[in-house]
Each structure stands twice: as structure tokens, then as C-alpha cells.
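# Chains, contacts and geometry: an overview
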There are 2 protein chains.
Amino acid sequence: MLDFQGDTPAYVASGTVKSTDGAFADRLRQIFESVGGIVQEFQPDIVVFESVFMHKNPGSALKLGHARSAAICATFEHKLEVFEYAPREIKQAVVGTGAATKEQVQHMVVSILKLGGTPAPDAADALAAALCHGNQRRMRARLGSGNMIAGQI
Amino acid sequence: MLDFQGDTPAYVASGTVKSTDGAFADRLRQIFESVGGIVQEFQPDIVVFESVFMHKNPGSALKLGHARSAAICATFEHKLEVFEYAPREIKQAVVGTGAATKEQVQHMVVSILKLGGTPAPDAADALAAALCHGNQRRMRARLGSGNMIAGQI
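Here we summarise the structure given alongside this text. None of these values were measured; they are calculated from a predicted model. (Residues numbered from 1 in each chain as written. Chains lettered and ligands numbered in written order. Predicted model: local features only at pLDDT ≥ 70, side-chain atom pairs only at ≥ 80, totals over all residues. Heavy atoms only, no water.)

As a further point, take the overall build of chain A. Looking only at helices and strands, one finds five helices and five strands in chain A. Its C-alpha radius of gyration of 16 Å places chain A within 12% of the 15 Å reference for a compact globule of 153 residues. Taken over the C-alpha atoms alone, chain A extends approximately 45 × 35 × 30 Å along its principal axes. With 153 residues in all, chain A has 40% of them scored as buried. Sequence-distant contacts in chain A: of pairs separated by 6 or more residues, those separated by 24 or more amount to 60%. On chain A, roughly 8300 Å² of surface is accessible, and the fraction owed to carbon and sulfur atoms is 52%. (Helix = DSSP H or I, 4+ residues; strand = E, 2+ residues; numbered from the N terminus. Rg over C-alpha atoms; globule rule 2.2 N^0.38 Å. Buried < 20%, exposed > 50% of the residue type's maximum accessible area, 1.4 Å probe, protein only. Contact = heavy atoms within 4.5 Å. Areas by Shrake-Rupley, 256 points an atom, 1.4 Å probe, with all protein chains shown as cover.)

Printed below as a string of C-alpha cells:
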């Protein structure tokens, strides 16, 4: 979670939502309610998702689709603007190369946001996605283009 | 939508939720809000989903996972019991064979529920899934087994 109101993006919070073992719909419910609770608590204006590319395994793709959709649907009640960026775009934005490693992303997120500690890899990815959106937003402000996938406009 | 309060299941309503062309998150939102609206209107106690088996195409599996999850998540706010049955179980329940055609399912749904017209294939499948749950519930009442995937128990 980043605050873009100042001149530079400011760190607000980060973390990882986990679902416990259990029935599949219960796990979806955990993701849906966890993300909904975070949105409720922090009241962001914008949510950014990493887009998903082809999986080789249809079974994994089906599960990932369910989980990702539960997180997206949890934002609908709050009428956020929803954006998504490809993993390569996100890495490019923070590291300067679309082929960056997880460790490079973590390192640059710590550096850009001047963090006192290193967030877990998935949390660092999420912060990088938010930074990527900040960059894109500045560019869009200049160029008038966008890749919003849903929103209030 | 079926009413199981009497001796025999009674038809209440059926239909198909469609999403229009547009941004992917907007299409998820349409599914989420349509299903949420139906749940709000009819206030059912139970929702039944057809389970999904392996897709050959990971891209289709990913999309189906997102869409199906949006429908499932739309029921969470209302604390319904969520059940799922395999397509073969559903066909077996209404036609007597797991290899039944769509037309056979439509025919048997019309016959069992004494409908004046024939529902569209997907709506007939949904009614068949509800009938399947009714059968299973009767059996469970006798045997004490179940395959609830999430719920209030």
C-alpha cells in the first residue's frame, strides 16, 4: 500500500494474504474477506493487480483464476479503480529490466521507498506493482494513454 | 432456483447471467453483481455449483476460474451454504446416466419440474444441479454423508 499524494510515493503497509487448508470455497472466502478487510481498513482509491500469463498446467491456471478473481471481486464493493500490469512491466518499472529476479525487485523496492527492512518477495512484488502504476500514471498524465481494466472514468 | 420446502421440488426461476464485451474486470464485476442481485432478490439458503474438471487449454481454464469465482464470491455476503457436484453426478441424478446429452438434461428437467416451456441449456443444467442437490440431500439425510464445500455447519 503506497501513498502517492506527496512528491514521492510513501510506504503505508504491505503483506501477504494466506488461505488455510480447507474446502475450496472456504479458501476463496478467506481471500475475498481478507482483501475486503484491507480495502475497508485503508480505503485506497486504486488497486493494482499483476496480470497473469499463460500457465502450462490447466489445473493450476483454474485455481489461480479462482483465487485472483476472489481478490479482484473483493474490491468491487468499494468502487476502486482497478489496474493491471504484466510482470515484465512491473520489473521494468522498478529494476529497469523486465527479466529482473525477485531479489532485485526486493532490493529496489527497499531502496525506492527507503524501507527499514526487506518485505517478503510477494509483498515486494505488490509494492513494485504499485510503484509501476505510479510511474505509468505520471507518464499517462503526459501522454494521455492508459491501461485501466475497470474503473470510475 | 427451486423450492424444496414441499414434498416435491418446485420451480421458482431460472436464467443465464451474461457479461457484455469490455474490460476483463468489468466483466467479472457484471457476473459478481448479477449473481449478488439474484441472491439478494430470492434469498436462497443454498447455492449449488457445477464443479469443473481439467481443461486442455490453460488460457480457458484461467478465464473460467475467474468467472466461476466471481459467481461463488457473490454468495459470500449472504452466508449461503455452497455445494458443488460434478457434471456426471448432475446428469446421473436427472437422466440416470452420467453421459447424458444437454437435450436429455433439458427434457428431464422439464418433465421432473412439470415446466410449461423448455429452459435454455445452461439454465436447464443449473436446475439439474439443484435437483441433484435435492437428491443428495435426501440420501445424506439417510446416510449421514455429504460433500458440502463450504457452509454454515
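In many analyses, interface size is given as the accessible surface area lost on bringing the parts together. Opposite the 33 residues of chain B that make contact, chain A presents 33 residues. Both faces considered, chain B and chain A share a buried interface measuring about 2600 Å² in area, 67% of it formed by carbon and sulfur atoms. Area buried by chain B at its contact with chain A is led by Arg29(B), Leu62(B) and Phe76(B), which between them contribute 23% of it. Its salt-bridge partner being Glu33(B), residue Lys79(A) comes within 3.6 Å of it at the nearest N-O pair. Breaking the side of chain B that touches chain A down by element, the ones donating at least two residues are α1 (24–42), α2 (58–73) and β5 (148–150) of chain B. At twelve residues, α2(B) tops the list of elements feeding residues into the side of chain B that touches chain A. (Buried area = accessible area lost by both parts, 1.4 Å probe. Salt bridge = Lys/Arg side-chain N within 4 Å of Asp/Glu carboxyl O.)

This part is about the nonpolar core. Among the nonpolar cores identified, the biggest contains 32 residues, and Phe32(A), Cys73(A), Phe32(B) and Cys73(B) are the most heavily contacted of them. Among the secondary structure elements, those contributing two or more residues to this core are α1 (24–42), β3 (46–50) and α2 (58–73) of chain A together with α1, β3 (46–50) and α2 of chain B. Setting aside residues no more than four positions away along its own chain, Cys73(A) makes contact with Phe32(A), Phe32(B), Ala70(B) and Cys73(B). (Core = buried A, V, L, I, M, F, W, Y, C linked by side-chain atoms within 4.5 Å.)

Residues and elements named next belong to chain A. It is the contact of helix α4 (residues 102–113) with helix α5 (residues 121–143), at a shortest axis distance of 9 Å, that shows an interaxial angle of 60 degrees. Regarding the angle of α4 to α5, the classification is oblique. Pair α4 / α5 crosses with left-handed handedness. Across from Lys102, Val105, Gln106, Val109, Ile112 and Leu113 in α4, the residues of α5 making contact are Pro121, Asp122, Ala124, Asp125, Leu127, Ala128 and Leu131. A class-by-class count of the residues in the contact of α4 with α5 yields nine nonpolar, one polar and three charged. (Axes fitted to C-alpha atoms, helices over the stretch in contact; angles between N-to-C directions. Parallel < 35°, antiparallel > 145°, perpendicular 65-115°, else oblique. Left-handed = near helix turned anticlockwise from the far one by under 90°. Nonpolar A, V, L, I, M, F, W, Y, C, P; charged D, E, K, R; others polar.)

A full pass over the atoms with the stated rule returns three aromatic pairs over all chains. Plain terms: the ring middles of Phe32(A) and Phe32(B) are 5.9 Å apart, the flat faces sit at 50 degrees to each other, and that makes the pair tilted. Residue Phe32(A) is located in helix α1, and its partner Phe32(B) is located in helix α1; the two belong to separate chains. Chaining the aromatic ring pairs together yields one cluster made of Phe32(A), Phe76(A), Phe32(B) and Phe76(B). (Phe/Tyr/Trp six-rings, centres within 6.5 Å; stacked < 30°, edge-to-face > 60°.)

Right, let's talk about the relation of the copies chain B and chain A for a bit. Least-squares fitting of chain B to chain A yields an RMSD of 0.0 Å, with the transformation described by 0.0 Å of translation along the axis and a rotation of 180 degrees. These values place the two chain copies in the arrangement generated by a two-fold rotation axis. Of the residues that chain B buries at the interface, 100% are likewise interface residues in chain A, meaning the two copies contact each other through the same surface. (Least-squares fit on C-alpha atoms with pLDDT ≥ 70 in both.)

Moving on to the pattern of salt bridges. When charged atoms on two side chains of opposite charge get close, those side chains can pair. Throughout the structure, instances matching the rule amount to ten salt bridges over all chains. Between Asp26(A) and Arg29(A) there is a salt bridge; the shortest N-O distance is 3.9 Å. Of this pair, Asp26(A) and Arg29(A) both sit in helix α1, three residues apart, which is roughly one turn of the helix. Between Glu84(B) and Arg68(B) there is a salt bridge; the shortest N-O distance is 2.6 Å. Here Arg68(B) lies in helix α2 and Glu84(B) lies in strand β4 (residues 81–85), a separation of 16 residues in the sequence. No difference in accessibility class separates Glu84(B) from Arg68(B), as the two residues are buried. Among the charged side chains, a salt-bridge network with shared partners connects Lys102(A), Asp122(A) and Asp125(A).

Another point: helix α3 (residues 87–95) of chain A. Residue and element names in this part refer to chain A. Along α3, the positions that sit buried rather than exposed are Pro87, Ile90 and Val94. Buried residues in α3, looked at end-on, bunch into an arc of 65 degrees, giving them a common side. Tucked inside the fold, the buried residues of α3 contact β3, β4 (81–85), α4 and α5. Note on α3: the residue one or two positions beyond its end, Gly96, has a positive phi of about 100 degrees. (Arc of directions from axis to C-beta.)

Take it as geometry only, folks, not as evidence of what the structure does.
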